[in-house]
Amino acid sequence: MIIKSVELSNFRNYEQLDIAFDEKTNIIYGDNAQGKTNILEAAYVSGTSKSHKGSPDKEMIRFGETEGHIKTMVEKGGKEYQIDIHLRKNKSKGIAINKVPIKKASELFGFLNIIFFSPDDLNIIKDGPTERRRFIDSELCQLDKIYLYDLTNYKKTLEQRNRLMKDICFNPSLRDTLSVWDDKLIEYGKKVIRRRREFIDEISGIVTDIHSNISGGREILQISYEPNVDDIFFGDELIHAREKDLKYGQTSVGPHRDDIKFTIANTDIRKFGSQGQQRTCALSLKLSEIKIVEQTIGEKPVLLLDDVLSELDSNRQNFLLGSLYDTQTIITCTGLDDFVKNRFQINKIFHIVEGKIADS
Ligand SMILES: Nc1ncnc2c1ncn2[C@@H]1O[C@H](COP(=O)(O)OP(=O)(O)OP(=O)(O)O)[C@@H](O)[C@H]1O
Ligand SMILES: [Mg+2]
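Residues numbered from 1 in each chain as written. Chains lettered and ligands numbered in written order. Predicted model: local features only at pLDDT ≥ 70, side-chain atom pairs only at ≥ 80, totals over all residues.

Chemist: Could you clarify how one ought to interpret unusual backbone geometry in this entry?
Modeler: Leaving glycine aside, a negative phi is the common case for residues, and trans is the common case for peptide bonds. Here the phi dihedral of Arg12 falls at roughly 45°; this positive angle occurs in a residue that is not glycine. By secondary structure assignment, the location of Arg12 is in the loop between strand S1 (2-11) and strand S2 (14-20). Looking at Arg12, the number of C-beta atoms within 10 Å reads 21, which means it is buried. The phi dihedral of Lys99 is positive, around 70°, even though this residue is not glycine. By the secondary structure assignment, Lys99 is in the loop between strand S6 (94-97) and strand S7 (100-102). (Helix = DSSP H or I, 4+ residues; strand = E, 2+ residues; numbered from the N terminus. Buried ≥ 20, exposed ≤ 12 C-beta atoms within 10 Å, placed from the backbone.)

Here is the structure:
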């Protein structure tokens, strides 16, 4: 699939912008704070209804305005779709597909698959488990509607259970109602655990192959799912931890504490990998997402690379750009030096200055 164009009005620092992309490699370059990442954010919102940074809608509306718009034209499976996002300051956003408003953001699912790659993603191995869970979730939620539903319900139930446990401290008679939330948590939690395991199994072979290529065959990277609790034991363990959980007012067992393990030659890279090794593993993981999306939905996703090239040495830059043939890619950077030096193929270049496309 490809993004043909993005039209912005009163979005971040853009009063008005109309940008038409090439189906292959696009470069958006410019000095700091000119609005490069904001364009990628708009594309990401069109695919997922949310900001890649987790910003609330009102922060994405141009300062001083009450509404903002994103209109994105997408081509998928030979058909064209128009995705309209209407951001409103004090109301939830409006979304329309081909001018027909949709009621739930989840109906946007499947029209535009996006992989967003930022320098933060290069730290996914060395950062805490929260970032690694976010990786699984953001990927699976784009690929699997049922997972999105189960995860949303799991998170909601978890929040309600934790709140109830705090209330029980002051009002012990509420204790009887806890088992209702336990049952729900177990029901959704088990589904989340099973789907995550399946996903990691699916992706692990791809990651190993990609990593072997990047490292010139020197490293065999293995990833495995590290669930906080296995699905079959979740119920028992939750009941077992109940008194402790009540004491601290939070749920100590469940997939909200899962992790992914990365090993090379039996060494845990999260703890013992060199910085370069950790970053290369992150790159392998990120690139495997493209493959998995393609395998699952039969089309390549759109890849957004926000300032990552300058973070990679030239070998890894070469590998990354060399593996993207046939994938629409939108790259932001502050200068074109790397591209000129390495003679990378570029199909379209945009120079952004203060929220406008300048003549390059
Ligand atoms: N709601 C908003 N209204 C107006 N301007 C905003 C809003 N939100 C952010 N900005 C401004 O947008 C500008 C550009 O942001 P952006 O992150 O896209 O820059 P960038 O070109 O990617 O820079 P860098 O190279 O540093 O990553 C910032 O100066 C910021 O103050
Ligand atoms: Mg930026």
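Chemist: Would you take a moment to explain the site of ligand 1 for this structure?
Modeler: Taken together, 16 residues lie around ligand 1, and Asn13, Asn32, Lys36, Thr37 and Asn38 are the ones closest in. For the shell around ligand 1, the element with the most residues is helix H1 (residues 36-48), which contributes 3 residues. (Near = placed C-beta within 6 Å.)

Chemist: What is the right way to read the pairing of strand S12 (residues 302-306) from this model?
Modeler: The buried fraction of S12 is high, at 5 of 5 residues. Inspection of the sheet shows strand S8 (residues 114-117) paired to S12 by 4 bridges, in the parallel sense. Note on S12: the bridge partner recorded for Ile115 is Leu303. One ladder, built from 4 bridges, connects S12 with strand S13 (residues 329-333); its direction is parallel. Pairing of Leu304 across the sheet is with Ile330, part of S13. Read from S12 through helix H10 (residues 314-322) to S13, the crossover connection turns out right-handed. (Pairing = 2+ DSSP bridges. Right-handed = clockwise from strand over helix to strand, strands pointing away.)

Chemist: Before we go on, may I ask you to explain the domain arrangement of the protein chain in this structure?
Modeler: The parts lose accessible area when they come together, and the size of an interface is often stated as this lost area. Split into domains, the protein chain comes out as domain 1 (1-113 + 299-360) and domain 2 (125-298). The centre of domain 1, based on its C-alpha atoms, is set 28 Å off from the matching centre of domain 2. If you tally residues by element for the side of domain 1 that touches domain 2, the top one is H10, at 3 residues. For the side of domain 1 that touches domain 2, the per-class residue count stands at 5 nonpolar, 5 polar and 3 charged. (Domains from an automatic or database assignment. Nonpolar A, V, L, I, M, F, W, Y, C, P; charged D, E, K, R; others polar.)

Chemist: Sorry, what's going on with the sheet that holds strand S9 (residues 221-226) here?
Modeler: Paired through backbone hydrogen bonds, the strands of a sheet run either parallel or antiparallel to each other. On the basis of which strands lie adjacent, the open sheet formed by 3 strands has the order S9-S10-S11 and antiparallel pairing. Lying at the two open borders of the sheet, with one neighbouring strand each, are S9 and strand S11 (267-268). Examined bridge by bridge, strand S10 (residues 259-264) and S11 share 2 bridges and lie antiparallel to one another. Of the residues in S11, the one forming a bridge with Thr263 is Asp268. Most of the contacts of helix H5 (residues 178-214) go to S9, to which it runs at about 170°, and overall it touches S9 and S10. (Contact = placed C-beta atoms within 7 Å. Axes fitted to C-alpha atoms, helices over the stretch in contact; angles between N-to-C directions.)

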